[in-house]
Amino acid sequence: MQKLTWIAFAAGIVSGSLLMGSGIALAADNPQVSIKTTLGEIVVELDQEKAPISTANFLAYVKSGFYKDTIFHRVINGFMVQGGGYTADMKPKMPLRPTIKSEAKNGLSNLAYTISMARHDSPDSGQSQWFINVVDNIGLDYPNAKGHGYAVFGKVIQGKETVDKIKVLLVDDKPGFQNIPVIPVVVKSATILKTRIVPPAPPAPPPVEQPAPAVEPTQPAQAAPIQEATPAPAQEPVK
C-alpha cells in the first residue's frame, strides 16, 4: 500500500512538472502593473499566456521608467483613451525597443476596459504606445480594422473610475494632433506590483424570469417600419 501511495505521489509531481514545463501560464502568475496618473490610479493585469510578446514589451518599458511623465495624448469618449508616447509639451518620446509582432489573433477581444497595443497601419508596428478601450470595440478585433485588428494584452482590474474620469475630459485639436485633453493627464509612475491584487468575483447573474403566456391578438398586428441605421465611420487608435 505504501509503495502504491508513493507511486501516485511521484506521478503527481511529474504531471505537475510537465504542466509547468509546457509554458502554460496560470492567471495567478499574470503580472499586474500600477499606472498612477494625475487623476488617479489604474491597475492592469497582463495576459502573458495569450499575449506573451506584447506583455514582455510593455513590462520592459515599465521597468525602464519610460512611461513616467508621459500623457494620455488622445481621448475619445465612446471609443478609447491612448497614451505611452508623448510628454505634456507634446514632444514624442523615442521608443527604446524595436517594433513587435502583432498578437491580434490571440482570441482576446477589445472589450471595455481592456488594454491593447497601438500601432501604425502595418500590423507589426507596435512599440511603446497603448490604449484602453472605454466601450466594447469589437470592430478592432482581428480580422477587422483593415484585415489586421489590434492586439489586446490585458485588462483593467482596478481604477475603472479613473479611466471614466479621463474619457470625459474636454479635448481640443492642435496642429498634427486631435482629441488632446485641454488639461493634461500625466502618468506619474508605472510599476509592477509586488503584492498582487485579487479582483472581486463577478456578480451572479440575476434569476431568469419566466415570460407570461402570450395572449392571442384578435387582429393581426401591423409590423412597424424598419429604418436601417447608417453605419458610423470606423475609428482606429493610430500612433
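Residues numbered from 1 in each chain as written. Predicted model: local features only at pLDDT ≥ 70, side-chain atom pairs only at ≥ 80, totals over all residues. Heavy atoms only, no water.

Draft legend 1. Spotlight on the overall build of the protein chain. Looking only at helices and strands, the protein chain features 4 helices and 10 strands. Relative to its 239 residues, the protein chain shows a buried fraction of 37%. If you take every contact in the protein chain between residues at least 6 apart in sequence, the share linking residues at least 24 apart comes to 69%. As presented, the protein chain carries roughly 14,600 Å² of accessible surface, and 61% of it is formed by carbon and sulfur atoms. (Helix = DSSP H or I, 4+ residues; strand = E, 2+ residues; numbered from the N terminus. Buried < 20%, exposed > 50% of the residue type's maximum accessible area, 1.4 Å probe, protein only. Contact = heavy atoms within 4.5 Å. Areas by Shrake-Rupley, 256 points an atom, 1.4 Å probe, with all protein chains shown as cover.)

Draft legend 2. A look at the sheet that holds strand 6 (residues 130-133). Read across the sheet, 8 strands follow the order 3-4-6-5-7-2-1-10 without closing on themselves; strand pairing throughout is antiparallel. Single-partner strands in this sheet number two, and they are strand 3 (70-76) and strand 10 (187-192). The mean angle between the axes of side-by-side strands here comes to 30°, regardless of whether they run parallel or antiparallel. Sheet analysis places strand 5 (residues 114-117) next to strand 6, joined by 3 bridges and oriented antiparallel. (Pairing = 2+ DSSP bridges. Axes fitted to C-alpha atoms, helices over the stretch in contact; angles between N-to-C directions.)

Draft legend 3. Quick peek at the environment of Ser-109. Relative to the helices and strands, Ser-109 resides in the loop between strand 4 (80-87) and strand 5. Put simply, Ser-109 and Tyr-142 are 33 residues apart on the chain and 8.5 Å apart in space, counted from C-alpha to C-alpha. In this view, Ser-109 contacts Thr-114, Ile-138, Asp-141 and Val-152; residues no more than four positions away in its chain are not counted. One polar contact links Ser-109 to Asp-141, side chain to side chain, over a distance of 2.5 Å. (Polar contact = N/O pair within 3.5 Å; in protein donor to acceptor, adjacent residues only side chain to side chain.)

Draft legend 4. Looking closely at empty space enclosed by the protein. One pass over the structure, following the stated rule, counts 1 cavity of 30 Å³ or more. Taken as a whole, the largest cavity holds about 70 Å³ of empty space. Along its surface, the largest cavity is lined by Ser-54, Ile-100, Lys-101, Ser-102, Glu-103, Met-117, Arg-119, Pro-123, Gly-126, Gly-149, Tyr-150 and Ala-151. Its residues assigned to classes, the lining of the largest cavity comprises 5 nonpolar, 4 polar and 3 charged. (1 Å grid on protein atoms, 1.4 Å probe; cavity = no way out; pocket = protein on both sides within 12 Å on 5 of 7 lines; lining within 4 Å. Points joined across faces, edges and corners; volume = space filled by probe spheres on them. Nonpolar A, V, L, I, M, F, W, Y, C, P; charged D, E, K, R; others polar.)

Draft legend 5. Examining the layout of surface pockets more closely. One number sums up the size of the largest pocket: a volume of about 370 Å³. Together, 21 residues line the largest pocket, and Glu-45, Thr-114, Gly-154, Lys-155 and Ile-157 are the ones closest to its centre. Here the lining of the largest pocket takes 6 residues from strand 7 (residues 152-158), the largest share from any one element. Looking at the lining of the largest pocket residue by residue, the classes come out as 12 nonpolar, 4 polar and 5 charged.

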